[in-house]
Amino acid sequence: MKSYLIAPSILSADLARLGEDVENVLKAGADVIHFDVMDNHYVPNLTFGPAVCKALRDYGITAPIDVHLMVKPVDRLIPDFAKAGADYITFHPEASEHIDRSLQLIRNSGCKAGLVFNPATSLSYLDYVMDKIDVILLMSVNPGFGGQSFIPATMQKLQEARRRIDESGFDIRLEVDGGVKINNIAEIAAAGADMFVAGSAIFDQPDYRKVINEMRQELTKVQK
Ligand SMILES: O=C(CO)[C@H](O)[C@H](O)COP(=O)(O)O
Ligand SMILES: [Fe+2]
């Protein structure tokens, strides 16, 4: 398995001082910035678009930006986010009319591509696209809001996704998003995840470094 990546979700950041807060969380040891795009259509909430992604790049943020599209339709925004500085772009397969086309559009734009699975979405969407994806993102909450509780059935689904990745032989990350905390990250990693989105667990605490260090400490307990 690959090295672990910790990806704070800016959904819980201080939006009035976003550039500074993102800089601080990176200085505190974060690996990737998770960027939640919500459209008040696919999910009942509204967040940020490509202009905010570009603003982070213009501010000087050089860390990978992981764009989680919770939008429908999907394709129109892909080139805009690629131009705005995204590194990863993931989308929900049921929100795309043509999954294979959306994945190709992401890779052809120079980004890493991924599919996102809601808690009740079947992993069978992976059946014919394992060679076209760089990341599988399992939602461990229903999408739309930060600060929700981790849904326990995700553990079994992570094991299934890990089995699919290992059997495929492709170089694919297994990301988990929603309710990830210091007290469950080791169990989540043991189930197969190697990339951890954490919004409220990090940004709701005064000392980001302490939380990230404690998460990394927990991850050292996991047998790979
Ligand atoms: O995609 C998301 C919600 O749809 C967020 O990335 C996720 O909820 C992170 O927040 P938290 O760690 O507080 O659960
Ligand atoms: Fe997310």
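Numbers given to residues run from 1 along each chain, matching the order in which its sequence is written. All chains are assigned letters beginning at A, and all ligands numbers beginning at 1, according to the order in which they are written. Local features in this predicted model are restricted to residues of pLDDT 70 or higher, and side-chain atom pairs are both shown and tallied only at a pLDDT of 80 or more, whereas totals for entire chains, interfaces and linings draw on every residue.

Novice: In this structure, what is going on with the UniProt feature "binding site: substrate" (unreviewed entry) in the protein? I would like to understand it.
Specialist: UniProt positions are given in the numbering used here, feature names are shortened, and annotations may be inferred rather than shown by experiment. In the UniProt entry, the feature "binding site: substrate" (unreviewed entry) is given for Ser9, His68, Gly144, Phe145, Gly146, Gly147, Asp177, Gly178, Gly179, Gly199 and Ser200. Helix and strand assignments come from DSSP, with helices taken as H or I runs of at least 4 residues and strands as E runs of at least 2, each series counted from the N terminus. Secondary-structure assignment places Gly144 in the loop between strand S6 (135–139) and helix H5 (154–168). Excluding anything up to four places from it in sequence, Gly144 contacts Met38, Val43, Pro44 and Asn45. With respect to the secondary-structure elements, Asp177 resides in strand S7 (residues 173–177). Since 28 C-beta atoms lie within 10 Å of it, Asp177 is described here as buried. A pair of residues counts as a contact when their C-beta atoms, built from backbone coordinates, are within 7 Å of each other. Backbone-placed C-beta atoms define the burial measure: a residue is buried with 20 or more other C-beta atoms within 10 Å of its own, exposed with 12 or fewer, and partly exposed in between.

Novice: What is the right way to read the nonpolar core from this model?
Specialist: Proteins that are soluble and globular tend to have nonpolar side chains buried together. Here, a nonpolar core denotes buried Ala, Val, Leu, Ile, Met, Phe, Trp, Tyr and Cys residues that are linked to one another through C-beta atoms within 7 Å. Membership of the largest hydrophobic core comes to 69 residues, with the highest contact counts inside it found for Val67, Ala86, Ile89, Ile136 and Phe196. With 5 residues, the top contributor of residues to this core is helix H3 (residues 77–84).

Novice: Explain the site of ligand 1 to me, please; I cannot follow it from the model alone.
Specialist: Lining the immediate surroundings of ligand 1 are 22 residues, of which Ser9, Pro143, Gly146, Gly199 and Ser200 lie closest. Within the residue set of the shell around ligand 1, elements represented by two or more residues are strand S2 (33–38), strand S8 (195–198) and helix H7 (200–203). Partitioned by chemical class, the residues of the shell around ligand 1 number 8 nonpolar, 12 polar and 2 charged. Nearness between a residue and a molecule or strand is assessed with a C-beta atom placed from the backbone; a distance within 6 Å qualifies. Each residue is assigned to one of three groups, with Ala, Val, Leu, Ile, Met, Phe, Trp, Tyr, Cys and Pro labelled nonpolar, Asp, Glu, Lys and Arg labelled charged, and all others, Gly among them, labelled polar.

Novice: Mind showing me how you'd approach the environment of Ser122 here?
Specialist: Assignment of secondary structure puts Ser122 in the loop between strand S5 (112–117) and S6. Residue class for Ser122 comes out exposed when judged on the 12 C-beta atoms lying within 10 Å of it. Sequence separation between Ser122 and Lys157 is 35 residues; the distance between their C-alpha atoms is 9.2 Å.

Novice: Looking at this structure, I do not really get the environment of Ala201. What am I missing?
Specialist: Note that Ala201 resides in helix H7. With 25 C-beta atoms counted inside 10 Å, the residue Ala201 sits in the buried group. Residues Ala201 and Val180 lie 21 residues apart in sequence; the distance between their C-alpha atoms is 7.1 Å. When sequence neighbours within four positions are dropped, the list of residues in contact with Ala201 reads Val180, Lys181, Ile182 and Val211.

Novice: Looking at this structure, I do not really get unusual backbone geometry. What am I missing?
Specialist: Glycine aside, negative phi is the norm for most residues, and most peptide bonds take the trans geometry. Omega for the bond connecting Lys72 with Pro73 falls within 30 degrees of zero, at 0°, which places this linkage in the cis form. If you check the backbone angles, Asn40 has positive phi at about 55° while not being a glycine. Mapped onto the elements, Asn40 comes out in the loop between S2 and helix H2 (50–59). Look at Asn40 and you get exposed, because 12 C-beta atoms sit within 10 Å.

Novice: Can you walk me through the sheet that holds S6 in this structure?
Specialist: Adjacent strands of a sheet form backbone hydrogen bonds with each other and so pair up, either parallel or antiparallel. DSSP calls a pair of strands paired once it identifies at least 2 bridges connecting them. Here we have 8 strands laid out as an open sheet, ordered S1-S8-S7-S6-S5-S4-S3-S2, and parallel in their pairing. Both outer strands of the open sheet, strand S1 (5–8) and S2, are each paired with one neighbouring strand and no more. The sheet shows a mean angle of 25° between the axes of neighbouring strands, direction not considered. The sheet contact formed by S2 and strand S3 (residues 65–70) spans 6 bridges and is parallel. Bridging across to S3, Asp36 finds its partner in His68. The angle between two axes is taken between their N-to-C directions and runs from 0 to 180 degrees, where each axis is a line fitted to C-alpha atoms and a helix contributes only its stretch in contact.

Novice: Please clarify how H5 should be interpreted in this entry.
Specialist: Any helix carries an expected span of 1.5 Å times its number of residues minus one. The first and last C-alpha atoms of H5 sit 21 Å apart over 15 residues, in line with the 21 Å expected at 1.5 Å per residue. All of the buried residues in H5 are Thr154, Lys157, Leu158, Ala161 and Ile165. Summarising the axial view, the buried residues of H5 lie within an arc of 105°, below the 170-degree limit, and thus occupy one face. Away from the buried face of H5 by more than 90 degrees, exposed residues Gln156, Arg163 and Glu167 are located. Just downstream of H5, Gly169 is the residue with a positive phi angle, here 75°. This arc corresponds to the set of directions leading from the helix axis out to the C-beta atoms.

Novice: What exactly am I supposed to notice about the UniProt feature "binding site: a divalent metal cation" (unreviewed entry) in the protein here?
Specialist: As annotated in UniProt, the feature "binding site: a divalent metal cation" (unreviewed entry) corresponds to His34, Asp36, His68 and Asp177 in the numbering used here. A maximum C-alpha distance of 10.5 Å places the annotated residues, which cover 144 residues in sequence, within one compact spot. Looking at where His34 falls in the secondary structure, it is placed in strand S2. We classify His34 as buried; it has 27 C-beta atoms within 10 Å. Excluding residues within four positions of it along the chain, His34 makes contact with Ala7, Pro8, Ser9, Ile10, Asp66, His68 and Val197.

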